[in-house]
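The lines below spell out each chain.
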Amino acid sequence: VAQLAEILPRVRQAFSVHYRTSFNRVANGLNFFEMGYRLEWGPVRFVMFTTALESLFITKDGSIGRRFRERISRFLSQDLAGRRQLEDTCRAIYRIRSGFVHGERISKDEATIKRAFLEVQKIARRSLQRILRDDILLAKFSGPSPELAAYLDQMP
């Protein structure tokens, strides 16, 4: 309950900006995240959770898969081993997402897809929680794309 009380004003702030200016990256991510929970069909749910992450971390075209995995891993992990593991997980998530979106046959076994499904939800939740617990991060992720891109690309 305390965590909810902490982040709820920031959620309201993100949506307030979203409705006034028609776009807020954090509100966009929250919308896709919520859709992921509400939908029943697994592939579309997976895509919605991945899209929530793309809404947060992708600021322009080009090298989307690389930016996706590098930015998320640096944002969520402080140590090199953790980053490498998270980067591998994000690579697998993005491949599965691309397979679903582009109608490709998914060559992963069912257990691998289930693990990836749990991971994409967890990564999206952790990312949104971290942003919503910090006024500075909320401002960065709600700000102009070029400034966010510079911040994300300069993370250690």
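Before reading on, note that the structure itself is shown above.
In short, a report on the structure.

Parameters and conventions
Residues numbered from 1 in each chain as written. Predicted model: local features only at pLDDT ≥ 70, side-chain atom pairs only at ≥ 80, totals over all residues. Heavy atoms only, no water. Phe/Tyr/Trp six-rings, centres within 6.5 Å; stacked < 30°, edge-to-face > 60°. Helix = DSSP H or I, 4+ residues; strand = E, 2+ residues; numbered from the N terminus. Buried < 20%, exposed > 50% of the residue type's maximum accessible area, 1.4 Å probe, protein only. Lys, Arg positive; Asp, Glu negative; His and termini not counted. Salt bridge = Lys/Arg side-chain N within 4 Å of Asp/Glu carboxyl O. Polar contact = N/O pair within 3.5 Å; in protein donor to acceptor, adjacent residues only side chain to side chain. Contact = heavy atoms within 4.5 Å. 1 Å grid on protein atoms, 1.4 Å probe; cavity = no way out; pocket = protein on both sides within 12 Å on 5 of 7 lines; lining within 4 Å. Points joined across faces, edges and corners; volume = space filled by probe spheres on them.

**Remarks on the packing of aromatic side chains**
Inference 1: Applying the stated rule across the entire model yields 10 aromatic pairs.
Inference 2: With centroids separated by 5.3 Å and ring planes inclined at 70°, the aromatic side chains of Phe33 and Phe49 adopt a geometry described as edge-to-face. Taken together, the positions of Phe33 in helix α2 (residues 25-38) and Phe49 in helix α3 (residues 42-57) put the pair 16 residues apart, joining distant regions of the chain. This pair shows no difference in class: Phe33 is buried, exactly as Phe49 is.
Inference 3: Centroid distance Phe57 to Phe75: 5.3 Å. Interplanar angle 65°. Geometry classified as edge-to-face.

**Digging into the side chain of Arg74**
Inference 1: For Arg74, the position within the fold is in helix α4 (residues 64-76).
Inference 2: Within the buried set, Arg74 has no salt-bridge partner at all; the shortest N-O distance to an opposite charge, 4.1 Å, is to Glu70.
Inference 3: Within the local environment of Arg74, its side chain forms a polar contact with the backbone oxygen of Leu152, the two atoms lying 2.6 Å apart.
Inference 4: Setting aside residues no more than four positions away along its own chain, Arg74 makes contact with Arg83, Leu152, Asp153, Met155 and Pro156.

**A short note on the environment of Ala52**
Inference 1: Along the chain, Ala52 turns up in helix α3.
Inference 2: Taking the C-alpha atoms as reference points, Ala52 and Phe23, 29 residues apart in sequence, are found 14 Å from one another.

**Topic: the layout of surface pockets**
Inference 1: Here the largest pocket defines a volume of roughly 270 Å³.
Inference 2: Forming the walls of the largest pocket are Ile7, Val11, Phe15, Leu30, Asn31, Phe33, Glu34, Arg125, Leu128, Gln129 and Leu132.
Inference 3: Every element with two or more residues in the lining of the largest pocket is listed here: α1 (2-21), α2 and α6 (110-132).

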